Amino acid sequence: MTKITVVNIVGTASLGNVFDLNKITMSLDGAEYEPEQFPGLIYRIKEPKAAFLIFKSGKVVCTGTTSEKDAQRAVNTAAKRLREIDVEAFDKPVINIVNIVASADLGAELNLNQVAMHLGLENIEYEPEQFPGMVYRVKTPKVVILLFSTGKIICTGARVLPDVAKAVDILKKELASGDFL
C-alpha cells in the first residue's frame, strides 16, 4: 500500500450574501485587498492554517488545509471572525471540496520515456524539455497525476479522498503491467 499524503485541500463556501470588502479590510487583522489588482480580499488564519479569497458576493475559496475536517473548521473560523467585526456571516457555512492535492512515492525510479510509450499517448503529456514530469490523466475517477522519474507523484483534481487512492492504484497497476514497479 502506497502512503498518500494530502498536501492541500481547496474548497468553496458561501459565508454570507453581500460583503463590504473595504470594511472587512479595515476591521480584520491581516486582510489584504487591492481591488485594482484582484477583485477578492485575501485573508489568512493560523489555526487551522488556511488562506481565503473572499469576494463581495459572500463566496469564499479556502486553501491550505490538509483534511476535509480542517477545511470545514477554517471556514467556520472565518465566518466567526467576520461576525466578530459585525459582518453578517452565516452561522454554519458548508464547504464544498473542489480539489484535493496529494503526494506519494512509488518507491522506484522510472524511465519516463519508456513509461510514456507503455501508457499510450492518449492518456499522457510528456515533454521533458518543457517540464520534467509526465502528466497522466486518469479517466475514472477524473484525476491528474504528475509522475516524476524519481518515482514521486502528485495527484490533483480529486474531490473526495477515495478517488486519490483509486487513481494511484490505477497508475500502479499500469506501471506493474509494464514491469516498471
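The structure presented is a predicted model; accordingly, all values stated were derived computationally and were not measured.

### Focus on the packing of aromatic side chains
This structure, assessed with the given rule, holds two aromatic pairs. Here F131 and F148 contribute two aromatic rings whose centre-to-centre distance is 5.8 Å and whose plane-to-plane angle is 65°, an arrangement assigned as edge-to-face. With F131 in the loop between β6 (124-125) and β7 (134-138) and F148 in the loop between β8 (143-147) and β9 (152-158), this pair connects stretches of sequence that are 17 residues apart.

### Focus on helix α2 (residues 68-84)
Look at α2: 24 Å from first C-alpha to last across 17 residues, which is about the 24 Å you get at 1.5 Å a residue. Residues of α2 that are buried: A71, A74, V75, T77, A78, A79 and L82. Against β1 (4-14), α1 (21-27), β2 (41-46), β3 (49-54), β4 (59-65) and β5 (96-105) lie the buried residues of α2. Positive backbone phi, approximately 65°, marks D86, located one or two places after α2.

### Some remarks on the side chain of T77
Relative to the assigned elements, T77 resides in helix α2. Not counting the four nearest positions on each side in its chain, T77 is found in contact with I45, E47 and P48.

Calculation notes
- Residues numbered from 1 in each chain as written.
- Predicted model: local features only at pLDDT ≥ 70, side-chain atom pairs only at ≥ 80, totals over all residues.
- Heavy atoms only, no water.
- Phe/Tyr/Trp six-rings, centres within 6.5 Å; stacked < 30°, edge-to-face > 60°.
- Helix = DSSP H or I, 4+ residues; strand = E, 2+ residues; numbered from the N terminus.
- Expected span 1.5 Å × (residues − 1).
- Buried < 20%, exposed > 50% of the residue type's maximum accessible area, 1.4 Å probe, protein only.
- Contact = heavy atoms within 4.5 Å.

In short, shape yes, function no, at least from these values alone.
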